[in-house]
Amino acid sequence: MKLPVSLLRSLVETNLSAEQIGDLLTMAGFELEGLDVVAGQDVLDIKVMANRGDGLSALGLAREILAKDAAAKPTELYNRLADRIAFGDENGNPGIRIQIETEDCTRFAARLIRGVKNGASPAPLQAVLEAAGLRPISLLVDLTNYVMLEMGQPLHAYDLGKLGGPDLGVRLANAGETLTTLNGDEHKLTTDHMVIFNANGAIGLAGVMGGLSTECDENTTDVLLEAAHFVNTRVRKTRKENGLNTDASYRFERSVDPEGVVSALNRFVELYMEAVGAQTPMDAGVLSGVADVYPRPPQRREVTLRIPRAVELLGMPITTGEAIQHLSRLGMDVRSDGDTLRVALPSWRPDILREEDLVEELGRVHGYDKIPESPIVGHANRGGIFGVPKLADQARAALLRCGCDQVINHTLRDKHALDFSESWRLGPRNPHSPEMALMRDSLLPGLAESALRNGGRNVHLFEVGQVFLQGDYQVDESPEVAILSTGQLTRSHWSGGNPSEADFFSIKGMVEELAGALNDSITFDLPHDPDRRFHPTRQAGVLLDHGRLWAGTVGQIHPDLANELGLPEATFMAELDLLVFAIQDDMEHAIHDISRHPATRRDIAVMLPKSVPFATVIAAVNDACGDVLEDSWLFDVYEGQGVPEGNHSLALALQFRKMGATFTDEEANAVRDRAVSAVTSLGGVLR
């Protein structure tokens, strides 16, 4: 908004230069975008935020200057405008009839002027308008624009002779209704557009632009002067859909003071009297009385402000007295109750809704530059993804690498054979349907249904999501990951050979890959309390922290459940609790240098009782070989001739590598012998 400094100085006595006024307004939240000189006048180009319509006038910005500059003083004109200019004849009846037929118009007022002189406006008035970027047209139009610049209230003057009578109304347009506006464009209106109308139909777009048919010109003798208050959203819709952008709509869209409507009409009369040299309104042809329809005056709102809270939010000291002074100079009525203020908000500040808004007012008036500089204190939040969300991302990546497809199922569902609990379940009070009446307590039912929808054969799925379980004191929402695998793991190939099929060891490998991605070392053991959903002899518990933490179960689906659900009996599942993995989420990754020297392999075959878990064998080998054991794997299991009943022969490959040198045969054999001794101590016999 371009505003001549002379308009501000007519309202405020200040020693500040134009540049200093611009800096002051910038610190008050009205940024100075430019300072120009037009025909010898300093002109401020001010950026006004969309919620501060009160700043779109000289009166509003003068109020900001008075609030921030203690040395500034209001002029007599400022006091008269702030006190709402009145002639004392507002209650008379000028013979104007007004109809408001839409709630989007909250106030409509008008005055009549007879025998007007609509020539060119005085040169000083034209100079102010030109400096503000407005083109002088005629006395009547120029005065409406001047009042809008000074007070922020748009006005419109109708030629009473063209109007056909002092009757006006506001309503929504009729479908298909047309209107030619002052710029000569014809608009086809819809029922979303708000119009000014009389007996002849629409004569103006309310809050946007008047109609061409009632335009004032050099032949105008009688004028109906109108001022109104419209709901900003309706004005915006009317303006936008008709492709118009006017100074009036710009202000109405950002809120106009509804209490300034009649005062703006009276200010126009004052300026008109001055222009034509009249001593009284009657001498200027102004009829006594104002038609003012005000169906819904706004109730004055009050907001409570706690001074200690304001000091805490702003980070600078403000006394109760300073706060009262700042808010009072902004036109607010303040009552004090100790450190608590009851602030009655003025009609031109609809943007203030809560205590924090008043704190912001204190900050910008007191001065953000007064906030003391001090080092930042407090706790910095940990950056990036961490905790369970990080584990969930790592789990997804690991299982996708294993060739599984991710599914996402709804957390609400019906009972299912693969539910974790057969009795206790939680559900919403008002379920949408029986199929969505319960919160899931396991991810496996959703995976089973997804597998069946995809044929139930050769599918490998996983899901990461929340389940809801009854805890010791409340219902716990727990993040889990589940896997379902059945059928071929690879596709058939022309080179021959049967594709490998999913089995207990393939899904066990997926769980191991998952644990490795989560940076956790796991072991497997027979469950103390077997899961009824899994095959009683083909399931294992997944343990963390050297067997101290139970993380979940992996195994083959129970045959009875497979038949009941229509899944193959060779369906393998795993369900793990991510919260258990989160306990060791902060463990550091073991990173070490890579040896440049070649590895050495030694194989051993040992006959062992089947009662000795393979995990125990591997643990003994790792302890015996130490850091030089780079890898180990089982490559053959033999049962048959030469192996007693209850035993089996395990063939292990041991891969050695050390830093800085190559293993000699003697060194490799010595490490191998330590591994053999460790295994034989478990009851094994070297073969």
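Note: the structure precedes this text.
Rules used throughout
- Residues numbered from 1 in each chain as written.
- Predicted model: local features only at pLDDT ≥ 70, side-chain atom pairs only at ≥ 80, totals over all residues.
- Heavy atoms only, no water.
- Helix = DSSP H or I, 4+ residues; strand = E, 2+ residues; numbered from the N terminus.
- Rg over C-alpha atoms; globule rule 2.2 N^0.38 Å.
- Buried < 20%, exposed > 50% of the residue type's maximum accessible area, 1.4 Å probe, protein only.
- Contact = heavy atoms within 4.5 Å.
- Areas by Shrake-Rupley, 256 points an atom, 1.4 Å probe, with all protein chains shown as cover.
- Lys, Arg positive; Asp, Glu negative; His and termini not counted.
- Charge placed at Lys NZ, Arg CZ, Asp CG, Glu CD.
- Phe/Tyr/Trp six-rings, centres within 6.5 Å; stacked < 30°, edge-to-face > 60°.
- Lys NZ or Arg CZ within 6 Å of the ring centre and 35° of its normal.
- Core = buried A, V, L, I, M, F, W, Y, C linked by side-chain atoms within 4.5 Å.
- Arc of directions from axis to C-beta.
- Pairing = 2+ DSSP bridges.
- Axes fitted to C-alpha atoms, helices over the stretch in contact; angles between N-to-C directions.

### Thoughts on the overall build of the protein
- For the protein, the count of helices and strands is 20 helices and 32 strands.
- Rg of the C-alpha trace for the protein: 42 Å, well past the compact-globule value of 26 Å for 687 residues, more than 25% over.
- Counting only C-alpha atoms and orienting by the principal axes, one finds that the protein spans roughly 130 × 60 × 55 Å.
- Counting every position in the protein, which comprises 687 residues, the buried fraction comes to 49%.
- Put simply, of all contacts in the protein between residues at least 6 apart along the chain, 69% involve residues at least 24 apart.
- About 34000 Å² of surface is accessible on the protein, with carbon and sulfur atoms providing 49% of the total.
- Between the averaged position of the 64 positive side-chain charges in the protein and that of its 98 negative side-chain charges there is a distance of 1 Å.

### Section: the environment of Gly22
- Within the element layout of this structure, Gly22 appears in helix H2 (residues 18–27).
- Sequence separation between Gly22 and Val365 is 343 residues; the distance between their C-alpha atoms is 15 Å.
- Those residues in contact with Gly22 that lie beyond four places of it in its chain are Leu32 and Leu44.

### Quick word on the packing of aromatic side chains
- Evaluation of the coordinates by the stated rule reveals 4 aromatic pairs.
- Centroid distance Phe230 to Phe252: 5.2 Å. Interplanar angle 65°. Geometry classified as edge-to-face. Placement of the pair is Phe230 in strand E15 (residues 223–230) and Phe252 in helix H9 (residues 247–252), with a sequence separation of 22 residues. There is no split in this pair, since Phe230 and Phe252 are both buried.
- On the basis of an interplanar angle of 50° and a centroid distance of 5.9 Å, the ring pair of Phe656 and Phe663 is categorised as tilted.
- Residue placement shows Arg254 over the ring face of Tyr250; its charged tip is 3.8 Å from the ring centre.
- Taking the ring centre of Phe663 as reference, the NZ or CZ of Lys658 above it sits at 5.3 Å.

### Focus: the nonpolar core
- Grouped together as the largest cluster of nonpolar side chains are 62 residues, with contacts concentrated most on Leu8, Leu11, Leu25, Phe268 and Tyr272.
- Ranked by residues supplied to this core, first place goes to helix H10 (residues 261–276) with 9 residues.
- Not counting residues within four places of it along the chain, the set of residues in contact with Phe268 comprises Ile113, Leu140, Leu143, Thr144, Val147, Leu155 and Leu225.

### Examining H2
- Those residues of H2 lying buried are Ala18, Ile21, Gly22, Leu24 and Leu25. An end-on view of H2 places all buried positions within 160° of arc, on one side of the element.
- Of the surrounding elements, those touching the buried residues of H2 are helix H1 (5–9), strand E3 (31–38), strand E4 (41–47) and helix H3 (58–68).
- The first or second residue beyond H2 is Gly29, which carries a positive phi of 105°.

### Overview of unusual backbone geometry
- The backbone phi angle of Arg84 is positive, close to 65°, even though this residue is not glycine.
- Tracing the sequence through the fold places Arg84 in the loop between helix H4 (76–82) and strand E6 (97–100).
- The exposure class of Arg84 is partly exposed, given its relative accessible area of 30%.

### Description of the sheet that holds strand E19 (residues 340–344)
- Strands sit in the order E17-E19-E18 across an open sheet of 3 strands; the sheet is antiparallel. For this open sheet the edge positions go to strand E17 (302–306) and strand E18 (333–337), each flanked by a neighbour on one side alone. This sheet shows a mean twist of 25° between the axes of neighbouring strands, independent of strand direction.
- Relative to E19, E17 is paired through 5 bridges, and the arrangement is antiparallel.

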